[in-house]
Amino acid sequence: MLYVVSAMIFFYSVYTAWLGSQNNDPLQCLFAGFYSMGGFGLVFKKVWSKYIVYLVAALMIRNWWYPLWEAHEIEWPFHVTKETVIPLLPGLFLIMLCFCGCIVVHKEIEHKQ
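Residues numbered from 1 in each chain as written. Predicted model: local features only at pLDDT ≥ 70, side-chain atom pairs only at ≥ 80, totals over all residues. Heavy atoms only, no water.

## Regarding the nonpolar core
Part 1 of the argument: Grouped together as the largest cluster of nonpolar side chains are 19 residues, with contacts concentrated most on Val-5, Ile-9, Leu-42, Val-53, Val-56, Met-60 and Val-105.
Part 2 of the argument: Among the secondary structure elements, those contributing two or more residues to this core are helix 1 (2–22), helix 2 (26–43), helix 3 (49–74) and helix 5 (89–112).
Part 3 of the argument: In terms of residue count, the dominant contributor to this core is helix 3 (seven residues).
Part 4 of the argument: Setting aside residues up to four positions removed in sequence, Leu-42 forms contacts with Leu-2, Val-5, Ser-6, Ile-9, Ser-49, Val-53 and Val-105. (Core = buried A, V, L, I, M, F, W, Y, C linked by side-chain atoms within 4.5 Å. Buried < 20%, exposed > 50% of the residue type's maximum accessible area, 1.4 Å probe, protein only. Helix = DSSP H or I, 4+ residues; strand = E, 2+ residues; numbered from the N terminus. Contact = heavy atoms within 4.5 Å.)

## With respect to the environment of Leu-19
Part 1 of the argument: Along the chain, the position of Leu-19 falls in helix 1.
Part 2 of the argument: Overall, the relative accessible area of 24% leaves Leu-19 in the partly exposed class.
Part 3 of the argument: Along the chain, Leu-19 and Cys-29 lie 10 residues apart, while their C-alpha atoms are 8.1 Å from each other.

Printed below as a string of structure tokens:
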């Protein structure tokens, strides 16, 4: 299960690097390298890698929440409940995925020690 979490981190690091190259943002490319380092640390079950996983989870949730907050400031939520709830479902799934990934990493790394 730890390898699934590290694979997701590798995919997210590739996505972040691609996004950084498209936006000419070296900070995103730096974060992508940092995420890749955390993924390699998970593969080799290094203790420090769990903190990178926690950071990745927090930043993924923040990257979902910030545009939602901006939309709320402008004109959201809509008057129809269905149009308000359905766009939130992928983000709620993302939050559950990040939370479960942190739990898996914490249990695996703590079990190693």
